[in-house]
Amino acid sequence: MRGHEAEHDELKRAAAAFAARTLNDDVARRDREEDVSLPGWKACAEFGLQGMLVAPEYGGAGMDLRAVVATLEGLGYGCRDRGLVSSLNAHLWGCVQTLNDFGSAGQKAELLPGLVDGRWIGANAMTEPESGSDALALRTRARRTDDGYVLDGRKCFVTNAPAAEVFIVYARTGDGPAFSSLSCFAVRAGTPGLSVAPPASKMGLRTSPMSDVFFSECRVPSSARLGAEGSGAMMLMSTMEWERSLVLASAVGGMEYQLEQCAEQVARRVAGNHPLRQRQAVTQKLAEMKLRLEAGRGLLYCAVELKRAGKSAFMESMLAKIALSEAGVANARDAMQIHGGYGYMSEAGLERELRDALGSTIHSGATEVLKDAVAMLLLAGSAGLAGRKGGGAA
């Protein structure tokens, strides 16, 4: 992330100030009542968040990826409504960026302006009851007709679904291996045959709406398909790499803010006539929180630099996602411990931060699944090296 540091710092400060000033009204109540902030969504669009990577011709800002990361860090630092941030990330990486990368000029002109200016919310309909982190095992079908396709199937845990106008949908268009038989579609809300279940109640991220989506004889024109038929798996892998690389960039800012609050608490609090700053068991938690934060930030920047250079960040995105999601949970727990009994009270907001952080270890690939994938890549590389060594010895 070297170069243009002053510019990026300014973007981060501006985003943090915007979020703190605009997005934090009545967060505790909205969390309790699972109230989605549509005014907050529109304010984010006016600030330019929904269109950061979109070209100006479609209403976006066409920002450099490093500037995007700085802005997201600032958003996470200033915004206490983690549900709103989660919805923004789902919109950006699961919908907008997929259209940005794979949509035709006509599809971009039709869909991106509304997704950028805050009129519309986007969703990614990928996960199914029997294919979660193993997304290529999905069963939703898209049957070819003379003038388009008929979609049948069920998607679950779809972030933004209750409020979405545009759904990015992955479905099988063939019976062969998943890498050649999946296709991707952009489906508008209100299309006959598409129905959205009532919002589901969640442990955390309660201001981000989520529900199941059903397709029953849902007819879409051929123009709804992104790219060539059978190219959906490639698009899905690209989408997941974008998401895993950047979905927790805002969490870096959030952990930075949380750590500052904890350091202030330790510096000023006295318990039993003993300042907390003199208790090593407490002060070491600050060091551990800082270590997790910076290790996760480093992996995030590594993945971002690869993507910025046009290179694959497949493994690096998974490492960043694992590190930052686990760090978010561990740091939230430490923050509660540092604040003692008050930290356990809803008033402090720390229990909400812990509930929100727990979701990050599941969405965009559960930690255990991603660890398995990283291990498989390492073993495959080890086998290749072993084979080359063996050949050399012969």
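The structure displayed is predicted, hence computed values, not measured ones.

The rules behind each value
- Along each chain, numbering runs from 1 in the same order as the chain's sequence is written.
- For this predicted model, a pLDDT threshold of at least 70 governs which residues receive local features, and a threshold of 80 or more governs which side-chain atom pairs are given and counted, while totals over whole chains, interfaces and linings are taken from all residues.
- As a rule here, side-chain values come from all non-hydrogen atoms in the structure, and water together with hydrogens is ignored.
- Geometry is summarised by axes, namely lines fitted to C-alpha atoms with helices restricted to the contacting stretch, and by angles between N-to-C directions that run from 0 to 180 degrees.
- Secondary structure elements follow DSSP: runs of H or I of four or more residues count as helices, runs of E of two or more count as strands, with numbering from the N terminus.
- Any angle from 65 to 115 degrees is called roughly perpendicular, while one under 35 is roughly parallel, one over 145 is roughly antiparallel, and all others are oblique.
- Should the near helix be turned counterclockwise from the far one by less than a right angle, the crossing is left-handed, whereas a clockwise turn marks it as right-handed.
- We call two residues contacting when some pair of their heavy atoms lies within 4.5 Å.
- Note on residue classes: Ala, Val, Leu, Ile, Met, Phe, Trp, Tyr, Cys and Pro are nonpolar, Asp, Glu, Lys and Arg are charged, and everything else, Gly too, is polar.
- Cavity means a closed set of points on a 1 Å grid over the protein atoms alone, one where a 1.4 Å probe fits but cannot get out, pocket means an open set with protein on both sides within 12 Å along at least 5 of 7 lines, and lining means a residue has an atom within 4 Å of a point.
- Grid points are joined across faces, edges and corners, and a volume is the space filled by probe spheres set on the points.
- For two strands to be treated as a pair, DSSP must find at least two bridges joining them.
- Scored from 0 to 100, pLDDT records how confident the predictor is in each individual residue.
- Buried Ala, Val, Leu, Ile, Met, Phe, Trp, Tyr and Cys residues that are joined via side-chain atoms within 4.5 Å together make up what is termed a nonpolar core.
- Each residue gets one of three labels from its accessible area relative to the maximum for its type: buried under 20%, exposed over 50%, partly exposed in between, using a 1.4 Å probe on protein chains only.
- Each patch is built from residues that are more than 30% exposed by relative accessible area and take part in no salt bridge. Like charges join if they lie within 9 Å; nonpolar side chains (Val, Leu, Ile, Met, Phe, Trp, Tyr) join within 5 Å.
- Note on areas: Shrake-Rupley, 1.4 Å probe, and residue coverage restricted to the protein chains presented here.
- When a carboxyl oxygen of Asp or Glu is within 4 Å of a side-chain nitrogen of Lys or Arg, the pair counts as a salt bridge.
- Each aromatic pair joins two rings of Phe, Tyr and Trp (for Trp, the six-membered one) with centres within 6.5 Å, and gets the label stacked for planes under 30 degrees apart, edge-to-face for over 60, and tilted for any other angle.
- Here, a charge over a ring is recorded when the distance from Lys NZ or Arg CZ to the ring centre is within 6 Å and its angle to the ring normal is within 35 degrees.

Asks: Please explain the packing of helix α5 (residues 82-102) against helix α6 (residues 105-116) as it appears in this structure.
Replies: Working note: a packed helix pair is described by the angle between its axes plus the distance between those axes. Here α5 crosses α6 at 150°, and the two axes come no closer than 10 Å. When the axis of α5 is compared with that of α6, the two are roughly antiparallel. For the crossing formed where α5 meets α6, the hand is left-handed. Here α5 contributes His-91, Cys-95, Val-96, Leu-99, Asn-100 and Phe-102 to the contact with α6, which in turn contributes Gln-107, Lys-108, Leu-111, Leu-112 and Leu-115. Here the contact of α5 with α6 is composed, by residue class, of 7 nonpolar, 3 polar and 1 charged.

Asks: I keep staring at the layout of surface pockets and nothing clicks. Help me out?
Replies: The gaps of empty space that remain are located by a probe, the size of a water molecule, rolled over the atoms. Of the voids in this model, the second largest pocket is the one considered here, and its volume is about 260 Å³. The wall of the second largest pocket is formed by 15 residues, among which Tyr-257, Gln-261, Ala-348, Leu-350 and Glu-353 lie closest to the centre. Looking at the lining of the second largest pocket, the elements that each hand over two or more residues are α9 (249-268), α11 (314-344) and α12 (350-359). It is α9 that contributes the most residues to the lining of the second largest pocket, 7 residues altogether.

Asks: Sorry, what's going on with the pairing of strand β7 (residues 210-221) here?
Replies: Across a regular strand the side chains alternate sides, sitting on one face of the sheet and then on the other. Note: strand β3 (residues 148-159) against β7, 9 bridges, orientation antiparallel. Within β7, the position partnered with Arg-154 by the bridge is Phe-214.

Asks: It is not clear to me how the confidence of the model for the chain should be interpreted in this structure. Could you clarify?
Replies: Note that predicted coordinates carrying low pLDDT should not be read in detail. Mean pLDDT for the chain: 94, with 95% of residues reaching 70 or above. Under a pLDDT of 50 for its full length, residues 390-394 has, in the predicted model, 0 contacts with residues more than four places off or in other chains.

Asks: So what exactly am I meant to see when it comes to the nonpolar core here?
Replies: Nonpolar side chains tend to gather and get buried jointly when the protein is soluble and globular. Among the nonpolar cores identified, the biggest contains 48 residues, and Leu-23 and Leu-75 are the most heavily contacted of them. Ranked by size, the runner-up nonpolar core spans 26 residues in total, among them Leu-99, Ile-168, Leu-226 and Met-235.

Asks: Looking at this model, I keep getting lost on a nonpolar patch on the surface. Mind explaining?
Replies: A cluster of nonpolar side chains, Tyr-342, Tyr-344 and Met-345, forms an exposed patch at the surface whose accessible area comes to about 360 Å². According to the relative accessible area criterion, Tyr-344 is exposed, its value standing at 62%.

Asks: How should I be thinking about empty space enclosed by the protein in this particular structure?
Replies: Within the structure shown, the criterion is met by 3 cavities of 30 Å³ or more. Reported here for the largest cavity is a volume of approximately 70 Å³. Every residue lining the largest cavity is listed: Val-36, Ser-37, Leu-38, Trp-41, Leu-84, Ser-87, Ile-121, Asn-160, Ala-163, Thr-207 and Pro-209. Those elements that place two or more of their residues in the lining of the largest cavity are α3 (38-47) and α5. Here the second largest cavity is characterised by a volume of approximately 50 Å³. Contributing to the lining of the second largest cavity are Gln-50, Met-52, Leu-53, Val-54, Val-68, Leu-92, Trp-93, Val-96 and Gln-97. Examining the composition of the lining of the second largest cavity, we find that 4 residues originate from one element, α5, more than from any other. Here the lining of the second largest cavity is built from residues that sort into 7 nonpolar, 2 polar and no charged.

Asks: Is there a simple way to explain the packing of aromatic side chains in this structure?
Replies: The geometry of an aromatic ring pair is captured by two quantities: the separation of the ring centres and the angle between the planes. Inspection of every chain in the model, using the stated rule, returns 4 aromatic pairs. Relative to Trp-242, the ring of Trp-93 lies with its centre 5.9 Å away and its plane at 0°, an arrangement referred to as stacked. Linking Trp-93 in helix α5 with Trp-242 in helix α8 (residues 232-246), this pair joins segments that are 149 residues apart in sequence. Trp-242 matches Trp-93 in its accessibility class, with the two residues each being buried. Sitting above the plane of the Trp-120 ring, Arg-188 keeps its charged end 4.3 Å from the centroid.

Asks: Help me out: how do you make sense of the pattern of salt bridges in this one?
Replies: As a working rule, side chains carrying opposite charge can pair if their charged atoms are close by. Tallied over the full model, the rule gives 33 salt bridges. In this structure, Arg-119 engages Asp-117 in a salt bridge whose closest nitrogen and oxygen atoms are separated by 2.7 Å. Between Glu-130 and Arg-139 there is a salt bridge, with its nearest N and O atoms 2.8 Å apart. Taken as a pair, Glu-130 and Arg-139 share a single burial class, namely exposed.

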